[in-house]
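# Observations on chain architecture
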Amino acid sequence: MRAPFRLDLTANVLRRLSTNVVDRFDGATYRRLIGDANAPAVLSVTQTGPAELRAGVERAGKKRFDAAALVSRLLGTQVDLEPFYRAAATVDWLAPLVAGARGVKPPRYPTVWEACVNAIVYQQISIHAAGAILRRVIERYAVAVADGEAQLYAFPGPQTLIDADTEDLRGLGLSINKIVSVRAVGRAILEGAIDEAPLALLPTPELMASLSEHRGIGPWTAAVIALRGFGRLDLFPMKDSGVARSISVLSGRTDVDVENLLAQLGEQRGMLYYHLLLGRLVARGDVELA
C-alpha cells in the first residue's frame, strides 16, 4: 500500500452517502458483498496502521478471492497521489482541504456494471434523490445478508434489472428513460459490447468515446464511469451544477475559472471530484478531516 492512506475518508467517498446499503463503514471496518450477486461473499477491510490494512473474505465457499487485488481496486491503495498534492498546494483555497484530507485515495466500483448504473441513476438529479432511488432499487432486487444488526446488500446483476417489472422500477423512482438506459447497458455488458478488459486498455479519450456509443451515456456519464469505474484520474466530470456550487462554497468565490483550475491540477485532476465530495461530507458533519 502507498502511504498516506485513510480508510475512513476513502470509504466515505466511495459510499457518497451514509444511506448506502451496499458499501458499509462503521467507523473502523469497511464491508461489502462481492462475487456472485445471488450467492455473495463478504469482504471486510480494517486499517491497522498508517500503511497497513487487514482484509479478509468470508462465506466464499469454494470460490477463491484475491483480497489484496480487490482492496487495491476498490480503495485505490496503490495510487501515488504526489503529483496531485504538489499541484493542489498551488491553489490557495484548495490546499487546506487537500492537506486535511491527505490519505484519501480514488476508489473504484468492483464492476463496470455497477459504475454504469450509478452514473445513470445520478444523472441530472441531486445526490440525495439519486441515492434514495438507488437504495430502494437495491433493497427491492438485491440479495441481502445479515451483518450483525444491519444487512449487507449485493448489487443486483444486469439480468435482474433487465427482467425487473417496469412499473415496479418506476414506482421506486426511476424514470422510464433511465430504466431503458440501464437495461441497454446491461444487455451490452452481457453481450460483450461493453467489456472491461479491452476498454481498460484504451486511452481516456477513446474510452470516453466508446462508452458514449451506448444509450444513456453522454459526456458527463462517460466521465463518471471512466473515473469511478476505470480509475481515470486524468479527467473531471464537467457540466455538473453540484460541482460549480461546491467550488463556490469551498473557495468562497463565484469567479473560479474551472477549466484553468483543472489545467493547473494536471493529470490527476479527477481527485478534485473526490475532494469536492469530501468537502460536502465535512460540511454536513458526516466526516472529520485531520
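Residues numbered from 1 in each chain as written. Predicted model: local features only at pLDDT ≥ 70, side-chain atom pairs only at ≥ 80, totals over all residues. Heavy atoms only, no water.

Core analysis: the biggest nonpolar cluster contains 92 residues, and Leu94 and Leu265 have the highest contact counts within it. Contacts of leucine 265, omitting those with residues within four sequence positions, involve Phe84, Ala87, Ala88, Val91, Leu94 and Leu272. Core analysis: the second largest hydrophobic core is formed by 5 residues, Leu33, Val42, Val145 and Leu152 among them. (Core = buried A, V, L, I, M, F, W, Y, C linked by side-chain atoms within 4.5 Å. Buried < 20%, exposed > 50% of the residue type's maximum accessible area, 1.4 Å probe, protein only. Contact = heavy atoms within 4.5 Å.)

Okay, the environment of glutamine 151 next. By the element assignment, glutamine 151 lies in strand S6 (residues 150-153). A relative accessible area of 37% means that glutamine 151 is categorised as partly exposed. (Helix = DSSP H or I, 4+ residues; strand = E, 2+ residues; numbered from the N terminus.)

The space that makes up the largest pocket amounts to roughly 760 Å³. Elements with a minimum of two residues in the lining of the largest pocket: helix H6 (127-141), helix H12 (219-230), helix H13 (241-251) and helix H15 (271-284). Here the residues of the lining of the largest pocket sort into 13 nonpolar, 10 polar and 6 charged. A volume near 380 Å³ is recorded for the second largest pocket. (1 Å grid on protein atoms, 1.4 Å probe; cavity = no way out; pocket = protein on both sides within 12 Å on 5 of 7 lines; lining within 4 Å. Points joined across faces, edges and corners; volume = space filled by probe spheres on them. Nonpolar A, V, L, I, M, F, W, Y, C, P; charged D, E, K, R; others polar.)

One key point about sheets: their strands pair by backbone hydrogen bonds, in either a parallel or an antiparallel sense. The strand order across the open sheet built from 4 strands is S1-S2-S3-S4, with neighbouring strands paired in antiparallel fashion. Pairing within the sheet leaves two strands with one partner each, and these edge strands are strand S1 (24-25) and strand S4 (52-58). Direction of pairing for strand S3 (residues 41-49) relative to S4: antiparallel, over a ladder of 7 bridges. Across the sheet, the residue bridging to glycine 49 is glutamate 52, located in S4. Strands strand S2 (29-34), S3 and S4 of the sheet are contacted by helix H2 (residues 67-75), whose axis makes an angle of about 75° with S3. (Pairing = 2+ DSSP bridges. Axes fitted to C-alpha atoms, helices over the stretch in contact; angles between N-to-C directions.)

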